[in-house]
Amino acid sequence: ASRAAFPEEWLKRWPQSELEKSQAEADKWAQDVREAMLVSWKNYKERAWGHDEIAPISGGAKDWVGMSVSMLDALSTLYLMGLKDEFEDAAR
């Protein structure tokens, strides 16, 4: 989502219209990254839920610590990306 206001320092260096154009482009990229995360998360959930990781070639579950490492690692990413439902699934 676009910013409501840009930092004053930025507005001194660049016109508001240029910042808004840049933000719109960044928003599209951020959405692409969220969508990629959702694909990865869906595959982890379907193939390796509760395990440390999903094997990149076979797609099977792998354990090396036995602590759902991928899930733990993903928590902050899911939260920061605004993927609250996925975050809540993992936090349970």
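Provided above is the structure to which this section pertains.
Position labels on residues start from 1 in each chain and follow its written sequence. With pLDDT at 70 or above as the cut-off, local features in this predicted model cover only qualifying residues; side-chain atom pairs require 80 or more to be listed or tallied, and sums for whole chains, interfaces and linings still use all residues. To get the side-chain values, take all heavy atoms of the structure and skip hydrogens and water.

Undergrad: Help me out: how do you make sense of unusual backbone geometry in this one?
TA: Trans peptide bonds make up the majority, and among non-glycine residues the majority have a negative phi. Positive phi outside glycine occurs at Ser 68, with the angle close to 55°. By the criteria applied, helices consist of DSSP H or I runs no shorter than four residues and strands consist of E runs no shorter than two, each listed in order from the N terminus. Here Ser 68 is to be found in the loop between strand E2 (61–62) and helix H3 (69–80). Among the residues examined, Ser 68 registers a relative accessible area of 16% and is labelled buried. Buried, partly exposed and exposed residues are distinguished by accessible area as a fraction of the type maximum, computed with a 1.4 Å probe on protein chains only: under 20%, between the cut-offs, and over 50%, respectively.

Undergrad: In this structure, what is going on with the packing of aromatic side chains? I would like to understand it.
TA: Think of a pair of aromatic rings as described by two things: how far the centres are apart, and how the planes are tilted against each other in angle. Pairing of aromatic rings covers Phe, Tyr and Trp, the last through its six-membered ring, and needs centres within 6.5 Å; plane angles under 30 degrees mean stacked, over 60 mean edge-to-face, and all others mean tilted. Applying the stated criterion across every chain yields a total of five aromatic pairs. Consider the rings of Tyr 44 and Trp 49, whose centres lie 6.0 Å apart with planes at 50°: the pair is tilted. Residue Tyr 44 is classed as buried on the basis of its relative accessible area of 4%. Members of the aromatic cluster, each reached through a chain of ring pairs, are Trp 41, Tyr 44 and Trp 49.

Undergrad: I keep staring at the pattern of salt bridges and nothing clicks. Help me out?
TA: Side chains that differ in charge, positive against negative, can pair when their charged atoms come close. Any carboxyl oxygen of Asp or Glu within 4 Å of a side-chain nitrogen of Lys or Arg constitutes a salt bridge here. Applying the stated criterion across every chain yields a total of four salt bridges. A salt bridge links Asp 89 to Lys 45; the nearest nitrogen and oxygen atoms lie 2.6 Å apart. Separated by 44 residues along the polypeptide, Asp 89 in helix H4 (residues 84–91) and Lys 45 in helix H2 (residues 16–48) bring together distant segments of the chain. A relative accessible area of 22% places Asp 89 in the partly exposed class. Between Arg 92 and Asp 89 there is a salt bridge, with its nearest N and O atoms 3.3 Å apart. Salt bridges sharing common partners tie together Lys 45, Asp 89 and Arg 92.

Undergrad: What am I meant to see in H3 here?
TA: Spacing of three or four residues puts side chains on the same side of an α-helix, whose turn is 3.6 residues. Three or more residues of H3 are buried, namely Met 71, Ala 74, Leu 75 and Leu 78. Mapping the buried residues of H3 onto a view down its axis gives an arc of 135°, with all of them on the same face. Across from the buried face of H3, at angles greater than 90 degrees, the exposed residues are Asp 73 and Leu 80. Contacts between residues were defined by any pair of non-hydrogen atoms, one from each residue, lying within 4.5 Å. In this structure, the buried residues of H3 make contact with H2 and H4. Just downstream of H3, Gly 82 is the residue with a positive phi angle, here 80°. In this description, one arc is meant: the one made by directions from the helix axis to the C-beta atoms.

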